[in-house]
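# Working through the structure, step by step
Here is what each chain is made of, one letter per residue.
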Amino acid sequence: MQDTDRDLLPEGLGDRLPDQARVAQHVRRVGHDVLAGHGYARVEPPLLEFEKSLASRMAGVQMRRMFRFVDPSSLRLLALRSDITAQVARMAATSLSGAARPLRLSYSGPVTTIKGDGLDPSRERLQVGAELIGTDTVAAAAEIVELAIEALSAAGATGISVDFTLPDLVDTLSDGPLPLAPGYRIEQVREMLDAKNAGGLVDVGGEGYLPLLYAVGPFESAIAQLEAFAAQGALDSRIAGLREIAARIGAKARITLDPSERHGFEYQSWFGFTIYAEGISGSLGRGGTYRILGQAGEEPEAATGFSLYPDPLIEALAVSSPEPDKLFLPLGHDPQLAAQQRAVGWITVAALSENDDARALGCSHRLEGGEAVRL
Ligand SMILES: N[C@@H](Cc1c[nH]c[nH+]1)C(=O)O
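First things first, this report covers the structure right here in the doc. (Residues numbered from 1 in each chain as written. Predicted model: local features only at pLDDT ≥ 70, side-chain atom pairs only at ≥ 80, totals over all residues. Heavy atoms only, no water.)

### Quick look at the site of the ligand
- For the ligand, the set of nearby residues contains 15 residues, the closest of which are Thr85, Glu131, Tyr267, Arg286 and Tyr309.
- Between Gln268 and the ligand, the recorded distance is 2.9 Å, taken from a side-chain N or O atom to a nitrogen atom.
- Isolated, the ligand exposes 300 Å² of accessible area, and the fraction of that covered by the protein chains is 98%.
- In a pocket analysis with a 2 Å cut-off to the grid points, the ligand is assigned to the second largest pocket. (Near = heavy atom within 4 Å. Polar contact = N/O pair within 3.5 Å; in protein donor to acceptor, adjacent residues only side chain to side chain. Areas by Shrake-Rupley, 256 points an atom, 1.4 Å probe, with all protein chains shown as cover. 1 Å grid on protein atoms, 1.4 Å probe; cavity = no way out; pocket = protein on both sides within 12 Å on 5 of 7 lines; lining within 4 Å. Sits in = over half its atoms within 2 Å of the grid points.)

Encoded structure:
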């Protein structure tokens, strides 16, 4: 019987071929250059760790999205990381608990989930991000949003837009000025807000929340709507915070507001954002403020951060960016001359036999008498 499955990859997993791998490496490198330039020190957590440590640092992390299995060696449950932020939080709370705050850390690497997200079937994605630990102020949030924009534009994204949200908005309102009548559940109100279902919202007792459905769209008009709705003051500091962050971003990105958007915000607190670029369908990243839980009895630590998921950008750039020039080194070339060419930036491809064809091997130039001559 023929084994037709032998070389298939599981659904949602794929190879990066040379063009994609080259662009992915570039995106990762320029991303890290930007983050390092702003004082974010790179850390490299492992691909997998004990399930418990990935799940226990932030309220809301969903274990059921992660690949999990028993470690044959410790017989304990391990999980493949689905979000490096949780690992950075663990480091901040343990090995780096004594480091000065605010602590600026950056990271990148693959993350996996059992199921793709919405329309995107991928189960492995590159994550590149930064966490600012010890603070979740407006100043911290503004630094993080600006950094996400800068890293993404350095990577080659254009026409960047940022959608702000207030992840804990419904909790704040239901605990304060907009309590639900007995018999109604806040979870249902959230679901109707997610579905942007006005009729449903009224049916589940969330009539008071209706204005949130309309405080959506370009930042200035949407925030004015939110302001009008929140006249009783419960949202004053949040609204002022959003305005300040928007002012810091200025013309660097188009800003929109969707105050009750929750998709993908598992653990973010008062502030969240999603980032997009022109010509790329779906979002390229997300971030916001959150709390890192410590040992029992310890106060949680405030933090702010972002994660980019640049795969769709990598795909687009791989199609449009030309291969770099390459210098063919014919048989019998002087290795010293070749080394000099590499030292000034050339990529060289050395012939191994008379049959090697410079053009077919993607070379643009050929080394002749110490000179790079265009083919
Ligand atoms: N890790 C989060 C984004 C984030 C980073 N820091 C805070 N929030 C995500 O991927 O959705």
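The structure having been displayed, the exposition proceeds.
### Points about the packing of helix 8 (residues 219-229) against helix 9 (residues 236-249)
- Contact geometry for helix 8 and helix 9: axes closest at 11 Å, N-to-C directions at 170°. Regarding the angle of helix 8 to helix 9, the classification is roughly antiparallel. Across the interface between the two elements, Phe219, Glu220, Ile223, Leu226 and Glu227 of helix 8 pack against Ile239, Leu242, Arg243 and Ala246 of helix 9.
- Tallied by class, the residues present in the contact of helix 8 with helix 9 amount to six nonpolar, no polar and three charged. (Axes fitted to C-alpha atoms, helices over the stretch in contact; angles between N-to-C directions. Helix = DSSP H or I, 4+ residues; strand = E, 2+ residues; numbered from the N terminus. Parallel < 35°, antiparallel > 145°, perpendicular 65-115°, else oblique. Contact = heavy atoms within 4.5 Å. Nonpolar A, V, L, I, M, F, W, Y, C, P; charged D, E, K, R; others polar.)

### Some thoughts on a nonpolar patch on the surface
- Together, Leu47, Leu48 and Phe69 give the surface a local cluster of nonpolar side chains, amounting to about 240 Å² of exposed area.
- The exposure class of Phe69 is partly exposed, given its relative accessible area of 36%. (Patch = residues over 30% accessible without salt bridge, like charges linked within 9 Å, V, L, I, M, F, W, Y side chains within 5 Å. Salt bridge = Lys/Arg side-chain N within 4 Å of Asp/Glu carboxyl O. Buried < 20%, exposed > 50% of the residue type's maximum accessible area, 1.4 Å probe, protein only.)

### Let's talk about helix 1 (residues 18-37)
- End to end, helix 1 covers 28 Å across 20 residues, agreeing with the expected 28 Å (1.5 Å per residue, within 8%).
- Buried residues of helix 1: Gln20, Val23, Ala24, Val27, Val30, Gly31, His32, Val34 and Leu35, and no others.
- Contacts from the buried residues of helix 1 go to strand 1 (41-42), strand 5 (103-112), strand 6 (124-133), helix 4 (138-154), strand 12 (301-308) and helix 10 (311-320).
- Of the residues one or two after helix 1, Gly39 is the one with positive phi, at around 85°. (Expected span 1.5 Å × (residues − 1).)

### Observations concerning the environment of Asp15
- Topologically, Asp15 is positioned in the segment before helix 1.
- Using a relative accessible area of 63% as the deciding quantity, one classes Asp15 as exposed.
- Separated by 302 residues in the primary sequence, Asp15 and Leu317 place their C-alpha atoms 16 Å from one another.

### A word on the side chain of Ser269
- With respect to the element layout, Ser269 can be found in the loop between strand 9 (254-257) and strand 10 (272-276).
- Ignoring any residue separated from it by four or fewer positions in sequence, one finds Ser269 in contact with Asp136, Leu166, Pro167, Asp168, Thr289 and Tyr290.

### Details of the environment of Gln20
- Its place among the elements puts Gln20 in helix 1.
- Classification of Gln20 by relative accessible area gives buried; the value is 19%.
- In the structure, Gln20 is positioned 295 residues away from Glu315 in sequence and 6.5 Å away in space, judged by C-alpha atoms.
- With sequence-adjacent residues up to four places away left out, Gln20 is seen in contact with Ile314, Glu315 and Ala318.

### Observations regarding the packing of aromatic side chains
- Taken as a whole and assessed by the stated rule, the structure comprises five aromatic pairs.
- Judged by centre distance (5.5 Å) and plane angle (40°), the ring pair of Trp270 and Phe271 falls under tilted.
- With a centroid separation of 5.8 Å and an interplanar angle of 25°, the aromatic rings of Phe271 and Phe273 are classed as stacked.
- For Phe273, a relative accessible area of 0% translates into the label buried.
- Three or more aromatic residues link up through ring pairs in this structure, and these residues are Phe164, Phe219, Trp270, Phe271 and Phe273.
- Sitting above the plane of the Phe50 ring, Arg76 keeps its charged end 3.8 Å from the centroid. (Phe/Tyr/Trp six-rings, centres within 6.5 Å; stacked < 30°, edge-to-face > 60°. Lys NZ or Arg CZ within 6 Å of the ring centre and 35° of its normal.)

### Details of helix 8
- Those residues of helix 8 that sit buried are Phe219, Ala222, Ile223, Leu226 and Phe229. End-on, the buried residues of helix 8 take up no more than an arc of 115°, which puts them together on one face. Summarising the geometry of helix 8, the exposed residues directed more than 90 degrees from the buried face are Glu220 and Ala228.
- Structurally, helix 8 contributes buried residues whose contacts are with strand 7 (161-165), helix 5 (169-175), strand 8 (217-218), helix 9 and strand 9. (Arc of directions from axis to C-beta.)

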